[in-house]
Amino acid sequence: MTAPLRKFDEYPPADFEELRPETVREHIDGIAAFLGGTANVIMQLSLKPVAYGVMESDVHTGNVMQHPIKRLRTTLTYIAVAMLGDEQDRVSYREAVNRSHRSIRTKPDSPVRYNAFDPKLQLWVAACIYWGIDDIIHRMRGPMDPATAEALYRHSARLGTTLQMRPEMWPPTRDAFYEYWEENLTQRTIDDPTRTYFNALADLKMLPWPMQVLFGGLHRFIVTALLPPHLRKEMNMSWSARDERVFTGLLRVISTMWRVLPGPLRLFPYNFYLADMRLRRRLGRPLV
């Protein structure tokens, strides 16, 4: 099994060129949104307050089990705005997300407490998204050179700072990030209610049954492949060396096809959702 790139091959670069929304595009593959979305949701919700905040939320319009397409649009638009948007985009979407988050709280009898404005919880969610981006890049393109990897990592702080996460909360270097990641990942546990919820996501229970039958097995295979081993164990999912070889071969085929596409197609759907958000803002329509 090929482990995700965790640390620099040599030493962290002393200096590097910062990435901007215009230059980060070449390092982002839209296919990651289709491959890694559910696995990343499980990572984020493995922090129990986040899981119960989502599962017990009364904001049903954002419930993935009831409105999967809208939930997909909201999530991918947030990533697109955070990574590719300008400051006006980020302010606009922050305000829209904040309005949506104000009513999201856990129930009085919930085993945990959740506040969507908690910067520490937002740090974990942002860390999961970055980890997923880094993992897919490593699997599909191979290791990045240290300077580029560090620049992409620093830019990815926007995944948290677009909301309430303070900049100084983002670990200062990529190596420091992976120390934070490994320390916190080992503390994550998945109880029976959240495991049931995650299994429904993995099996595409939110979609019409013909799509569940056609794509559910493949989707569960991809979800299992992209979960860190610790969370696979918490989910009671099995994974063998043969599974890893099959998945590596599948990614090799996808990567070969993806690399020959024109840039706008490689970036899809992130560029599409960013343009959609800007159009909605111009027309005065809800952004979330």
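Structure shown above.
Bear in mind that the values here come from a model prediction, so they are computed numbers and not experimental data.

Q: Any chance you could explain the packing of aromatic side chains here in plain terms?
A: Centre distance and the angle of the planes are the two values used to describe a pair of aromatic rings. Enumeration according to the criterion identifies 19 aromatic pairs in this entry. Their ring planes at 15° and their centres at 5.4 Å tell us that Trp131 and Trp181 sit as a pair that is stacked. With Trp131 in helix α5 (residues 119-141) and Trp181 in helix α8 (residues 174-185), the pair connects residues that are 50 residues apart, well separated along the chain. Taken individually, Trp131 and Trp181 each receive the classification buried, so the pair is uniform in this respect. Taken together, the ring pairs in this structure connect Trp124, Tyr130, Trp131, Tyr153, Trp170, Phe177, Tyr178, Tyr180 and Trp181 into an aromatic cluster.

Q: Please clarify how the environment of Thr189 should be interpreted in this entry.
A: Counting through the fold element by element, Thr189 comes out in the loop between α8 and α9 (192-202). Apart from the residues within four sequence positions on either side, Thr189 is in contact with Ser46, Lys48 and Glu234.

Q: When you look at a nonpolar patch on the surface in this model, what are you seeing that I'm missing?
A: A cluster of nonpolar side chains, Phe34, Phe268 and Phe272, forms an exposed patch at the surface whose accessible area comes to about 310 Å². Here Phe272 lies in helix α14 (residues 270-283).

Q: Please clarify how the nonpolar core should be interpreted in this entry.
A: In globular proteins that are soluble, nonpolar side chains generally tend to be buried together. Judged by nonpolar contacts, the single largest core of 81 residues is most densely connected at Met83, Leu159, Trp170, Trp181 and Leu227. Residue contributions to this core peak at 13 residues, all from α5. Not counting the four nearest positions on each side in its chain, Leu227 is found in contact with Ala39, Ile42, Met43, Arg232, Met235 and Met237.

Each value, and the rule that gives it
Every chain is numbered on its own, with residues counted from 1 as its sequence reads. For this predicted model, a pLDDT threshold of at least 70 governs which residues receive local features, and a threshold of 80 or more governs which side-chain atom pairs are given and counted, while totals over whole chains, interfaces and linings are taken from all residues. Only heavy atoms go into the side-chain values, all of them from the structure, while hydrogens and water stay out. Note on aromatic contacts: the rings of Phe and Tyr and the six-membered ring of Trp form a pair at centre separations within 6.5 Å, being stacked when their planes are under 30 degrees apart, edge-to-face when over 60 apart, and tilted otherwise. Runs of H or I in DSSP of at least four residues are treated as helices and runs of E of at least two as strands, each being numbered from the N terminus. Each residue gets one of three labels from its accessible area relative to the maximum for its type: buried under 20%, exposed over 50%, partly exposed in between, using a 1.4 Å probe on protein chains only. Should any heavy atoms of two residues lie within 4.5 Å, those residues are counted as being in contact. Two distance rules govern patches: like charges are joined within 9 Å, and nonpolar side chains (Val, Leu, Ile, Met, Phe, Trp, Tyr) within 5 Å, applied only to residues with over 30% relative accessible area and no salt bridge. Calculation of accessible area relied on Shrake-Rupley with a 1.4 Å probe; when residues are assessed, cover is drawn exclusively from the protein chains displayed. Salt bridge, as used here: a side-chain nitrogen of Lys or Arg that lies within 4 Å of a carboxyl oxygen of Asp or Glu. In these notes, a set of buried Ala, Val, Leu, Ile, Met, Phe, Trp, Tyr and Cys residues joined through side-chain atoms within 4.5 Å is what counts as a nonpolar core.

The analysis is restricted to geometry; functional conclusions fall outside its scope.
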